[in-house]
Amino acid sequence: MRLTQLRVLDFCWVGAGAFVTRILADLGAEVIKVESNAHPDNLRLSGPYKAGAERLENSGYFASRNSSKKSFALNMTNVQARKLALRLASASSIVTNNFRPGVMDKWGLGYSEIASINPSVIYLSMPMQGARGPHSQFIGFGSTIAALCGLTSLGGFPGRAPIGTGTHYPDHIPNPGHALVALLAAIYHRDRTGEGQYIELAQIESTVNILGPLVLQCSATGESPQRCGNRRLDFVPCGVFPCTLPDTWCAIEVQTDSQWRGLRTALGEPSSLSGHDLLSLAGRMARQEYIEDALKKETRRYYAPVLADLLQRHDVAAAVVNTNADVISDSQLVERQYWQTVQHSEMGELVLNVPPFCAVGEERPTLRAPPLLGEHTYQIAQELLGIGPDDYDRLTKEGVFY
Amino acid sequence: MTMSEVSASALQGQRVLDLTVNYAAYAGRLLADLGAEVTRVEPPEGSAVRRLGPFATLPGGGRISLAHAFLDAGKHSVVVDRRESQGQELFRNLVRHSDVLIHTPGPEVDLALVEELRTLNPRLIAASITPYGLTGPRASFAAGDLTVLAAGGLLSLGGYQDSEPLAVQGEQAQVASGIFAAVAILAALCERQRSAVGMWIDVSGQECVAFALEDAVPEWYLSQRIRRRLGDASREAGTGVFKCQNGHVSLVAGRLGTAKAFAALTRWIAQSEAPEGTELLMPRWGDIEFRRSPEGIADFGRIFGAFCRSRTKEHLYTEGQARQIAIAPVNTIGELFSDPQLVSNKFFRPVFDHGIGRELLYPGPPYQLSRTPARMRATAPTLGQHNSDLVGNGLSTCAHALGDKNS
């Protein structure tokens, strides 16, 4: 699966936006990340860091969302820089940003300016709350967006604090994922008609959509769904159960009565789970807490991977709760070449994931290392802007390339 | 801003067959909103999505699936009894005239069938959305949403420090798989314009979930640190979820390049005459190492906690944002309906639901495309609602191949 003949002028930074253009780059688009030493991408300044590596070039966080991109060091506070950016935009098929509304316009890089010289451009803006409305200038990160959109309230136990996913989740799936859907639909449309367009993804509107059925539930019943740990209304047991080693866990979902019988067989027919009433969903619903407690006593006897395999042999949905260390060596992900080792000139070996889909019979795409800040400035200046060595030196001295 | 004129839909003319049976049905919903003709091919008893929660109880008894209402909105429904030979023939006819087929694991579609259908229609883009992907040692493992969240690693990051790992609701592994399936299908459509051949897409739920591990992967390979769940404990002073007068707020100040916001926050608290408020002006709070220490986290939590207790989340939100601080209320779903921004932008759309007999509020589309707008085309179809279209389109000459409902 390749995206060819696409050049993306990319003003995205930090969270959700950087992931959008990362996938485009990994799939073969030429993504030119515009950044500068005057105002580096916050992620370049956020750990985890590679010990001993150069500042701004040592962040694993930055590396994880900027693979395969080029970096063009352009100081946008400089008026000449903005003119060069506009020239690059006229030679690009896509322009992206996730700034607050107004920033690109202030630089003369709004959609109408660019479309007037490059009518087929596809222009993606990803403001947090949309370009219009009383909160359009509000700021936030994935975790505050998750809170605002109801996601945080849905993680945790009733009666305890709302905790969501424990991450900046909207930055990782809903917002980059939806933005890619919109961009690719626009690319498809342009391939057929030659028409470009403006796309706005308000991050809160995108995030609410991943909770669509719960929104309808609340609209229909007048009641907000409540936190309920890992429990569900449609089957029992469903949960995460402790295993032998400290802080190791196995997720188990018994979706049917036959899986319940499978679970009992797998665990050697423990007497605590043998009740006739537990054979039906209604019976298990009535004794949910009892089942969970009894099951915990059984699962503690096993190492997590042993238990997951044992249950799988009896067709029970079960999986080890993989930690960040476990996922890297997970046999399934390794076998499918989900992780790629990429050599970085400052950080050495990086472990990066490929996009989470592939085409049957095709190799996974080969990722390139995330760029050093300004690594491709000279190349881009020369090839796309026709700037020779003397002018390049002058513009560097003047702080345009910085 | 001058907007370009609205053209036809981006995916007009594209026919999609949807055989998904879980929340990954969201893939087809996204394509339908973009103008594709997405048809649910259902057995006579209806697709399993019609039996997925959450539910609303109907006035006259019975219940309707709100998962189906949301995930299948704008799709067509035809009943094809593929257990009958005429139904199989009709299904093949549909495939011959389609651009995309989407399925999730289940007895309905096996991989040999996908192979066969691709031979039947080489332009067909087939998307298989599975928990672990089509290859690898766990390809055939049983899974639900929670187990995929576990295998993908995200589950290990959620939960309280003193609890087991905890997931968020809403079948997020399947929703994520649906989103990335739509991404892959659109990329395949773009590629098919050049190659004229459809590809077979393999979307792994585990891989989609592992895309959402934030900084945890480099945390391991660079620092060999296992990232533990923190729950409502803060990772750093200035960041986290805090209790306030009428609920909770979420705050990021100090991390991720927000040093100015941390300074603005401490000034705000100090000026408020909150207990110990001026403590936050002491020089040690300028030291990032101190802010990450247990003492710094605890002291900040106590001081900011006291500040929040006498203030509402609405007040903290607007006053904090006025000071350029990334703070937001922890909203329940119900509170979204009165969020000033979402209300002002008319994000929720009232749509009459015939089953319930009144309007329900649907979220608007996740994005706005100026020329080819995405929009919900219709409410979810009743079972077999579009059977007659098949006959009309000449896809079926015999109506009784359309299953029990129509015979």
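Relevant structure appears above.
In short, a report on the structure.

### Side note on the overall build of chain A
- On a plain count of helices and strands, chain A comes out with 18 helices and twelve strands.
- For chain A, the C-alpha atoms occupy an extent of roughly 85 × 50 × 40 Å along the three principal directions.
- Counting only residues that meet the buried cut, chain A has 65% of its 402 residues in that class.
- Within chain A, residue pairs in contact and separated by at least 24 positions form 68% of the contacts whose partners lie at least 6 positions apart.
- The average position of the 36 basic charges and that of the 40 acidic charges among the side chains of chain A differ by 3 Å.

### Looking at the sheet that holds strand β9 (residues 317-320) of chain A
Residue and element names in this part refer to chain A.
- The strand order β7-β8-β9 describes an open sheet built from three strands, whose pairing is antiparallel. Pairing within the sheet leaves two strands with one partner each, and these edge strands are β7 (238-242) and β9. Across the sheet, the mean angle from the axis of one strand to that of its neighbour is 20 degrees, orientation sign disregarded.
- Taken together, the five bridges between β7 and strand β8 (residues 249-253) define a ladder with antiparallel strand orientation. What sits directly across from Phe241, in β8, is Cys250.
- Sitting on the sheet, helix α14 (residues 304-313) is in contact with β8 and β9, with an inclination near 160 degrees to β9.

### Overview of the sheet that holds strand β6 (residues 197-200) of chain A
- Read across the open sheet, the seven strands follow the order β3(A)-β2(A)-β1(A)-β4(A)-β5(A)-β6(A)-β14(B); overall the sheet is mixed. The sheet terminates laterally at β3 (70-73) of chain A together with β14 (368-369) of chain B, the two strands that pair on one side only.
- When strand β1 (residues 7-10) of chain A meets strand β2 (residues 30-35) of chain A, the two strands line up parallel, connected through four bridges. Looking at the pairing, A:Leu9 lines up with A:Ile32 of β2(A).
- Packing of helix α8 (residues 174-193) of chain A onto the sheet brings it into contact with β4 (94-97), β5 (122-125) and β6 of chain A together with β14 of chain B, and relative to β5(A) it is tilted by some 165 degrees.

### A closer look at the nonpolar core
- Counting residues in each nonpolar core, the largest one holds 152 residues, and the members touching the most others are A:Phe357, B:Leu11, B:Leu31, B:Ile102, B:Leu155, B:Ile201 and B:Tyr367.
- It is helix α6 (residues 172-195) of chain B that provides the largest number of residues to this core, a total of 15 residues.
- Apart from the residues lying within four places of it in its own chain, the contact partners of A:Phe357 are A:Met1, A:Ile23, A:Leu27, A:Arg364, B:Phe180, B:Val183, B:Ala184, B:Asp202, B:Val203 and B:Glu207.

### Re the environment of B:Gly334
- Secondary-structure assignment places B:Gly334 in helix α13 (residues 333-336).
- With relative accessibility at 25%, the residue B:Gly334 sits in the partly exposed group.
- For the pair B:Gly334 and B:Leu31, spaced 303 residues apart in the sequence, the C-alpha separation amounts to 28 Å.
- Excluding residues that lie within four positions of it along the chain, B:Gly334 makes contacts with A:Cys218 and A:Ser224.

### A word on the interface of chain A and chain B
- In this complex, chain A contributes 148 residues to the contact, which on the side of chain B involves 149 residues.
- Among the residues chain A hides against chain B, the three largest losses belong to A:Tyr188, A:Leu216 and A:Asn324. Together they make up 6% of the total.
- The interface formed by chain A and chain B contains nine salt bridges.
- Residues B:Glu171 and A:Arg232 are paired through a salt bridge, measuring 2.7 Å at the closest nitrogen-oxygen approach.

### A short note on the packing of aromatic side chains
- Summed over all chains, the structure comprises 27 aromatic pairs over all chains.
- Plain terms: the ring middles of A:Phe138 and B:Tyr317 are 5.1 Å apart, the flat faces sit at 85 degrees to each other, and that makes the pair edge-to-face. In this pair, A:Phe138 sits in the loop between β5 and α6 (142-148) while B:Tyr317 sits in helix α12 (residues 313-322), so the two residues belong to two different chains. The residues A:Phe138 and B:Tyr317 share a single accessibility class, namely buried.
- With centroids separated by 4.9 Å and ring planes inclined at 90 degrees, the aromatic side chains of B:Phe242 and B:Phe304 adopt a geometry described as edge-to-face. With a gap of 62 residues between them, B:Phe242 in strand β9 (residues 239-244) and B:Phe304 in helix α11 (residues 294-309) connect regions that are remote in the sequence. For the pair B:Phe242 and B:Phe304, one class covers both residues: buried.
- Aromatic ring contacts, followed pair by pair, group B:Phe242, B:Phe262, B:Trp268, B:Trp285, B:Phe290, B:Phe300, B:Phe304 and B:Phe307 into a single cluster.
- Above the face of the A:Phe62 ring, A:Arg44 is positioned so that its terminal group lies 3.9 Å from the ring centre.
- The ring of B:Phe70 carries B:Arg29 above its face, with NZ or CZ at 4.8 Å from the centroid.

### Describing helix α13 (residues 288-299) of chain A
Residue and element names in this part refer to chain A.
- Along its twelve residues, α13 runs 16 Å from first to last C-alpha, staying within 8% of the 16 Å computed at 1.5 Å per residue.
- Along α13, the positions that sit buried rather than exposed are Gln288, Ile291, Glu292, Ala294, Leu295, Glu298 and Thr299.
- Tucked inside the fold, the buried residues of α13 contact β7, β8, α11 (257-266), α12 (281-286) and α14.

### Examining the pattern of salt bridges
- Considering all chains together, one arrives at 50 salt bridges over all chains under this definition.
- Its salt-bridge partner being A:Arg264, residue A:Glu269 comes within 3.4 Å of it at the nearest N-O pair.
- The class of A:Glu269 is partly exposed, set by a relative accessible area of 43%.
- Judged by relative accessible area, A:Arg264 falls into the buried class, the value being 14%.
- One salt bridge connects B:Arg29 with B:Asp33, and the closest N-O pair in it is separated by 3.0 Å. Remark: B:Asp33 and B:Arg29 occur in helix α1 (residues 26-33); sequence separation between them is four residues, near one turn of the helix.

Conventions and cut-offs
Residues numbered from 1 in each chain as written. Chains lettered and ligands numbered in written order. Predicted model: local features only at pLDDT ≥ 70, side-chain atom pairs only at ≥ 80, totals over all residues. Heavy atoms only, no water. Helix = DSSP H or I, 4+ residues; strand = E, 2+ residues; numbered from the N terminus. Buried < 20%, exposed > 50% of the residue type's maximum accessible area, 1.4 Å probe, protein only. Contact = heavy atoms within 4.5 Å. Lys, Arg positive; Asp, Glu negative; His and termini not counted. Charge placed at Lys NZ, Arg CZ, Asp CG, Glu CD. Pairing = 2+ DSSP bridges. Axes fitted to C-alpha atoms, helices over the stretch in contact; angles between N-to-C directions. Core = buried A, V, L, I, M, F, W, Y, C linked by side-chain atoms within 4.5 Å. Buried area = accessible area lost by both parts, 1.4 Å probe. Salt bridge = Lys/Arg side-chain N within 4 Å of Asp/Glu carboxyl O. Phe/Tyr/Trp six-rings, centres within 6.5 Å; stacked < 30°, edge-to-face > 60°. Lys NZ or Arg CZ within 6 Å of the ring centre and 35° of its normal. Expected span 1.5 Å × (residues − 1).

Note that all results are geometric; they support no functional claim without further evidence.
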